[in-house]
Amino acid sequence: MYQQKISQMILATVLILGLAFGAHAEVKESKEVAPKTTNMTAAYPLQEQVLPKVPPVPSSIKNTKEITEYVAAVNAYMDAAQKYIDAATDDLNLIVEQRNMAIQNANKIIEEYNAFFEKHKAK
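Since this is a predicted model, take the numbers as computed values, not measurements. (Residues numbered from 1 in each chain as written. Predicted model: local features only at pLDDT ≥ 70, side-chain atom pairs only at ≥ 80, totals over all residues. Heavy atoms only, no water.)

Asks: What is the right way to look at the overall build of the chain in this model?
Replies: Regarding its fold elements, the chain presents 3 helices and 0 strands. Moving toward the C terminus, one meets the helices and strands of the chain in the order α-α-α. The burial tally for the chain puts 11% of its 123 residues in the buried class. (Helix = DSSP H or I, 4+ residues; strand = E, 2+ residues; numbered from the N terminus. Buried < 20%, exposed > 50% of the residue type's maximum accessible area, 1.4 Å probe, protein only.)

Asks: Got a minute to help me understand the packing of aromatic side chains in this structure?
Replies: When we look at a pair of aromatic rings, we describe it by the centre distance and by the angle of the planes. A full pass over the atoms with the stated rule returns 2 aromatic pairs. Here the aromatic rings of phenylalanine 116 and phenylalanine 117 are separated by 5.1 Å at their centres, their planes lie at 85°, and the arrangement is edge-to-face. Put simply, the rings of Tyr113, Phe116 and Phe117 touch in pairs and so form one group of aromatic residues. (Phe/Tyr/Trp six-rings, centres within 6.5 Å; stacked < 30°, edge-to-face > 60°.)

Asks: Would you explain the confidence of the model for the chain in this entry?
Replies: When pLDDT is low, close inspection of the predicted coordinates is not appropriate. Per-residue confidence for the chain gives a mean pLDDT of 82, with 71% of residues at or over 70. Per-element averaging of pLDDT across the chain places helix α1 (residues 2-20) at the bottom with 52 and helix α3 (residues 64-119) at the top with 96. Throughout residues 19-28 the model reports pLDDT below 50, and contacts reaching past four residues in sequence, or to other chains, amount to 4 contacts. (pLDDT = per-residue confidence, 0-100. Contact = heavy atoms within 4.5 Å.)

Asks: So what exactly am I meant to see when it comes to α3 here?
Replies: Each α-helix turn comprises 3.6 residues. Residues three or four places apart therefore point the same way. Taking 1.5 Å per residue as the helical rise, α3 with its 56 residues ought to reach 82 Å, and the 82 Å between its terminal C-alpha atoms agrees with that figure. Considered for burial, the residues of α3 that qualify are Tyr77, Ala81, Tyr84, Ala88 and Val96. (Expected span 1.5 Å × (residues − 1).)

Asks: Teacher, can you tell me more about the pattern of salt bridges here?
Replies: Between side chains of opposite charge, a pair can form when the charged atoms approach closely. Scanning the entire structure with this criterion turns up 1 salt bridge. Notably, a salt bridge pairs glutamate 118 with lysine 121, separated by 3.7 Å at the nearest N-O pair. (Salt bridge = Lys/Arg side-chain N within 4 Å of Asp/Glu carboxyl O.)

Asks: Help me understand the environment of tyrosine 77, please; the structure alone is not making it clear to me.
Replies: Looking at where tyrosine 77 falls in the secondary structure, it is placed in helix α3. For the pair tyrosine 77 and proline 52, spaced 25 residues apart in sequence, the C-alpha to C-alpha distance is 6.1 Å. Tyrosine 77 has contacts with Gln47, Leu51, Pro52, Lys53, Val54 and Pro55, leaving out every residue within four places of it along the chain.

Asks: Help me out: how do you make sense of a nonpolar patch on the surface in this one?
Replies: Together, Tyr113, Phe116 and Phe117 make up an exposed nonpolar region whose accessible area comes to about 350 Å². Within the secondary structure layout, phenylalanine 117 lies in helix α3. Relative accessible area serves as the criterion here: at 47%, phenylalanine 117 is assigned to the partly exposed category. (Patch = residues over 30% accessible without salt bridge, like charges linked within 9 Å, V, L, I, M, F, W, Y side chains within 5 Å. Areas by Shrake-Rupley, 256 points an atom, 1.4 Å probe, with all protein chains shown as cover.)

Asks: Quick question: what am I supposed to make of the environment of glutamine 82 here?
Replies: Looking at the secondary structure, you find glutamine 82 in helix α3. Sequence spacing of glutamine 82 and leucine 51 is 31 residues, and the spatial spacing of their C-alpha atoms is 9.9 Å.

Written as structure tokens, this is what we have:
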């Protein structure tokens, strides 16, 4: 269930990034993308699996020990969250880069294909 949701989120993100980078996506109303369509061989790590537990809020502002522990826990959480966000961004950038290379290679193959048959066209 999580893998299906992750796949859908990644696919949606890749499509959004593709549009942002100038790729033109053609969506056909009669054809839906299969929710299990993915190139991933393993489930992407969910943030809830990677990040530490959310630190509990201290019971009182007067308890300096609790406040000190809370500040340290929030800082640790934020550091872990930033690391996860940066890594996810790098992963998405790699996915977009590889997708773009696949598009370029497919276009090159089609150009070669068309040129071959144009060259050998019956006269």
